[in-house]
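Working through the structure, step by step
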Amino acid sequence: MKSFDDRNAGVRETGIALLGLIQQIEICYARSASSSGMHATDFRAVCVLSDAGKPMSPKDLSGFLGLTSGAVSALLTRLENGGFIARVPNPADRRGVLVTLNEAAVAEPLRLYRILHERHTEATKGLSDRELEAIRQYLRKIQDATAQFCGAEIASVPASGTPPADELKLQSGSED
């Protein structure tokens, strides 16, 4: 049985490793975005739209990104001006619009995103199902603790990746 100090050291090292991962992902996103002439948040929006596999409303995108409606409006204008997205009428709501990806324009930034995803998948090859479940549980607990700290209520992300828009509700957003 490990001592209290050994456990605290293990928890601290795990936290440091998680923070290092977050920093590396942010660096990769920023570089991928920059290489495509996008802001990092714009790149995140393109990734969310791609993962969704269908057009999304600006409101749903706002929930996924944790941004205010004004920040999402500015983001969509930048992406539209760059030719990365189009806003099209929502057939289910005459007053609304849906955001669609320009697949040709986002092909290169998404190629980089998919390479990163493949490398993350490769890193799990030697892990057992039990180890993967332990990692999933840990990350979900950290996600929930972080969301509670930030004043947000976030549903857990399904194993398939991006949660459906109706499962992600942010009570407070940040400006972009």
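Note on numbering: residues in each chain are counted from 1, in written sequence order. Under the rules for a predicted model, residues below a pLDDT of 70 receive no local features and side-chain atom pairs below 80 are neither given nor counted, while totals for whole chains, interfaces and linings still include all residues. For side-chain calculations, the full set of non-hydrogen atoms in the structure is used, while hydrogens and water are omitted.

Attention now goes to the packing of helix H1 (residues 4-35) against helix H5 (residues 103-123). The angle between the axes and the distance between the axes are what describe a pair of packed helices. Angular values range over 0 to 180 degrees, each being the angle between N-to-C directions of two axes fitted as lines to C-alpha atoms, with helices fitted over their stretch in contact. In this text, helices come from DSSP runs of H or I with a minimum length of four residues, and strands from runs of E with a minimum of two, each type numbered from the N-terminal end. Where H1 contacts H5, the two axes come as close as 10 Å, and the packing angle between them is 155°. Relative to H5, the element H1 is oriented roughly antiparallel. Where H1 crosses over H5, the two elements pack in a sense that is right-handed. Contacts between H1 and H5 pair Ile25, Cys28, Tyr29, Ser32 and Ser35 from the former with Leu112, Tyr113, Leu116 and His120 from the latter. Residue polarity follows a fixed list, in which Ala, Val, Leu, Ile, Met, Phe, Trp, Tyr, Cys and Pro are nonpolar, Asp, Glu, Lys and Arg are charged, and the others, Gly among them, are polar. By residue class, the composition of the contact of H1 with H5 is six nonpolar, three polar and no charged. Angles are sorted into four bins: roughly parallel if under 35 degrees, roughly antiparallel if over 145, roughly perpendicular if 65 to 115, and oblique for all others. Left-handed describes a crossing whose near helix is turned anticlockwise from the far helix through less than a right angle; right-handed describes the clockwise counterpart. Contacts are assigned to residue pairs with any non-hydrogen atoms lying within 4.5 Å of each other.

A word on the pattern of salt bridges. One side-chain nitrogen of Lys or Arg within 4 Å of one carboxyl oxygen of Asp or Glu is enough to make a salt bridge. In the structure shown here, the tally under the stated rule is six salt bridges. The salt bridge partner of glutamate 122 is lysine 125, with a shortest N-O separation of 3.3 Å. We call a residue buried when its accessible area falls under 20% of the maximum for its residue type, exposed when it is over 50%, and partly exposed in between, using a 1.4 Å probe and counting protein chains only. For glutamate 122, a relative accessible area of 47% corresponds to the partly exposed category.

Let us look at H5. Here H5 spans 28 Å end to end across 21 residues, near enough to the 30 Å set by a 1.5 Å rise per residue. Burial in H5 covers these residues: Val106, Pro109, Leu110, Tyr113 and Leu116. Summarising the contacts, the buried residues of H5 are in contact with H1, helix H2 (40-52) and strand S2 (93-101). By definition here, a helix of n residues has an expected span of 1.5 Å times n minus one.

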